[in-house]
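Structure assessment
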There are 2 protein chains.
Amino acid sequence: MSAITVLLVDDHLVVRSGLKALLGTQPDIAVVAEAASGEEALMAVEEHSPAVVMMDLAMGAGMDGIEAIKQLRRRNGKQAVLVFTTYDSDADIVRAVDAGAMGYLLKDAAPEEIFAAVRGAVQGKSVMSAPVASRLFQQLRNPDEVLTPREAELLGLLTEGLSNRELGQRLFISEATVKTHLAHIYAKLGVETRAAAIATAIRREGMR
Amino acid sequence: MSAITVLLVDDHLVVRSGLKALLGTQPDIAVVAEAASGEEALMAVEEHSPAVVMMDLAMGAGMDGIEAIKQLRRRNGKQAVLVFTTYDSDADIVRAVDAGAMGYLLKDAAPEEIFAAVRGAVQGKSVMSAPVASRLFQQLRNPDEVLTPREAELLGLLTEGLSNRELGQRLFISEATVKTHLAHIYAKLGVETRAAAIATAIRREGMR
DNA sequence: TGCCGTGTCAGCCAAAAGGCTGAGAGACCA
DNA sequence: TGGTCTCTCAGCCTTTTGGCTGACACGGCA
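Just so it is clear, the structure is predicted and the values come from calculations on it, not from any experiment. Throughout this document, residue positions are counted from 1 along each chain, in the order its sequence is written. Ligands are numbered from 1 and chains lettered from A, in the order in which they are written. pLDDT decides what is reported in this predicted model: residues at 70 or higher carry local features, side-chain atom pairs at 80 or more are listed and counted, and totals for whole chains, interfaces and linings draw on all residues regardless. The side-chain values count all of the structure's non-hydrogen atoms but skip hydrogen atoms and water molecules.

1. A short note on the protein's contact with DNA strand D
Quick note on the threshold: Whether a residue is near a molecule or strand is decided by its heavy atoms; if any one of them lies within 4 Å of it, the residue is near. Distance and chemistry together define a polar contact, namely a pair of N or O atoms within 3.5 Å, with one atom able to donate a hydrogen and the other to accept it when in protein, and with adjacent residues in sequence counting only for side-chain atoms on both sides.
Contacts to DNA strand D come from 18 residues, most closely from Tyr-186 and Arg-194 of chain A together with Thr-148, Arg-150 and Ser-174 of chain B. Of everything in DNA strand D that lies within 4 Å of the protein, sugar and phosphate atoms constitute 67%. The contact in question runs from a phosphate oxygen of DNA strand D to an N or O atom on the side chain of Thr-148 of chain B, over 2.4 Å. Between a phosphate oxygen of DNA strand D and a side-chain N or O atom of His-181 of chain B, the distance comes to 2.8 Å.

Here it is in structure tokens:
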């Protein structure tokens, strides 16, 4: 049986290099191409038709990973896309799965985990790192923690550093209402102060 | 002449692996040890006495890179420490240099740049990636806006959503001192509230 | 029809944050 | 030696934020 062909997509050379070295130890896995951006990735897929694409989400300039995955799906590619990234933000996970990713690995994953993910991907199995799975699970169990549209809107403005008064003016509501929304947001995010809410929103929810 | 001995410190196995593969192509550079945390790094230095330590700043759990560098300096180690990280945040750069780092490389640096940095480090030369240098240059022109190491440290904790009291406890200083630092930070960042400072820090300063 | 989620608002109180002034200790440097 | 920078701390006052309770309107849905 021939080896599983893999395309690596990451804007950091060291990461590609490391992944290549790791995967190279497995006889049934062969890295056939590398790309440093979403655009390059699309071209590389055309040229090499890899069975698996390992894709970082944050790519310095140009097309990001999510967009690249969408483009691949749009072209009816048969590649299984594995997200391989540093952060497990809720927003990123949802967006990646939505775009058509087969799995979601974190960069601190153990080698065995990575190998298993590649092998699983070609068989149509979804594999994800434990922290990622736990986040998804968490969301399924606690739909109460989902922000309403209005709350999300307010949280977005919050991350710009506005005061309650400014938030009220911007949204044409009273300061009292702003406070009510904030209290709900804090509860859902599991924080107690606006500072923590902002930190959580920008980091975990991917609002930047 | 014997090869330059290097210790790699990064919590991501792929990054260590990639760096090792890259450096392995150079006959005059030898990776003699690896560590996945600040604590491990200190032990590895004891054991292997490398000439150069390549250190990531953000290490999942435990001691972070800055603290590890400080500890190394405190022990009178002769290792040249090169920071090798993803982000070029002003605060991190200031703190790393202050802690005693010899150079500051970004993970998307070209291989030649990395090799040159390692070779330069053992000769006492400072090497840094272009974006990093440009930031420092920018700061030299506006010295009034440069955060002091202590301020940068405080700002880092601020972005985690801590209250003034918690900041004081964490840094072993009074709440009054925390407020003084914050006032200075706000002035330097050009903001008026803690919320705006966090937003600015995470977005502009790349702190996450 | 009545319940529920969402969005709106008020008042009251305690806690936290921010603005201001002043000041001492230690390091560094001209 | 004197000036400057950094870090430390205090007190006082105002503003902002957060916690709590209660309330009303609207739309969807059982």
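2. Overview of the protein's contact with DNA strand C
Here is the rule we go by: Going along the chain from the N terminus, every DSSP run of H or I of four or more residues is numbered as a helix, and every run of E of two or more is numbered as a strand. Classification used: nonpolar for Ala, Val, Leu, Ile, Met, Phe, Trp, Tyr, Cys and Pro, charged for Asp, Glu, Lys and Arg, polar for all others including Gly.
If you check the shell around DNA strand C, you find 16 residues, and the closest are Thr-148, Arg-150, Ser-174 and His-181 of chain A together with Arg-194 of chain B. What you see for DNA strand C is that sugar and phosphate hold 66% of its atoms within 4 Å of the protein. One of the side-chain nitrogen or oxygen atoms of His-181 of chain A is found 2.7 Å away from a phosphate oxygen of DNA strand C. Lys-179 of chain B has a polar side-chain atom sitting 2.8 Å from a base oxygen of DNA strand C. Of all the secondary-structure elements, those providing two or more residues to the surface near DNA strand C are helix H7 (149-158) and helix H9 (175-189) of chain A together with helix H8 (164-171) and helix H9 (175-189) of chain B. Take the surface near DNA strand C: its biggest share by element is four residues, from H9 of chain A. A breakdown of the residues in the surface near DNA strand C according to their chemical character gives four nonpolar, eight polar and four charged.

3. Notes on the environment of Lys-179 of chain B
Residues and elements named next belong to chain B. Basically, it comes down to this: Only protein chains enter the accessibility calculation, which uses a 1.4 Å probe; a residue whose area is less than 20% of its type maximum is buried, one above 50% is exposed, and one in between is partly exposed.
Here Lys-179 is to be found in helix H9. The exposure class of Lys-179 is exposed, given its relative accessible area of 52%. Separated by 15 residues in the primary sequence, Lys-179 and Asn-164 place their C-alpha atoms 7.2 Å from one another.

4. Let's talk about helix H10 (residues 194-203) of chain A
In an α-helix, one full turn covers 3.6 residues, which means residues spaced three or four apart are oriented alike. The buried fraction of H10 of chain A amounts to nine of the 10 residues, a majority that puts the element mostly inside the structure. Within H10 of chain A, burial applies to Arg-194, Ala-195, Ala-196, Ala-197, Ile-198, Ala-199, Thr-200, Ala-201 and Ile-202 of chain A.

5. Points about the sheet that holds strand S6 (residues 127-128) of chain A
Residue and element names in this part refer to chain A. Inclusion rule: Between any two strands, at least two bridges found by DSSP are needed for them to pair. A contact between two residues is defined here by any heavy atoms of the two lying within 4.5 Å. The axes used here are C-alpha line fits, helices contributing only the stretch in contact, and every angle between their N-to-C directions lies in the interval 0 to 180 degrees.
Ordered in space as S2-S1-S3-S4-S5-S6, the six strands form an open sheet in which the pairing is parallel. In this open sheet, the two strands that pair with only one neighbour each are strand S2 (29-35) and S6. For strand S5 (residues 103-106) and S6, the ladder comprises two bridges, and the chain directions are parallel. Of the residues in S6, the one forming a bridge with Tyr-104 is Met-128. Strands in contact with helix H1 (residues 13-24) are strand S1 (4-9), S2, strand S3 (52-55) and strand S4 (80-85); relative to S2, the strand with the most contacts, it is inclined by about 170 degrees. In the packing of helix H3 (residues 65-74) onto the sheet, contacts are made with S3 and S4, and the angle to S3 comes to roughly 160 degrees.

Everything listed is a geometric property; what it means functionally is a separate question.
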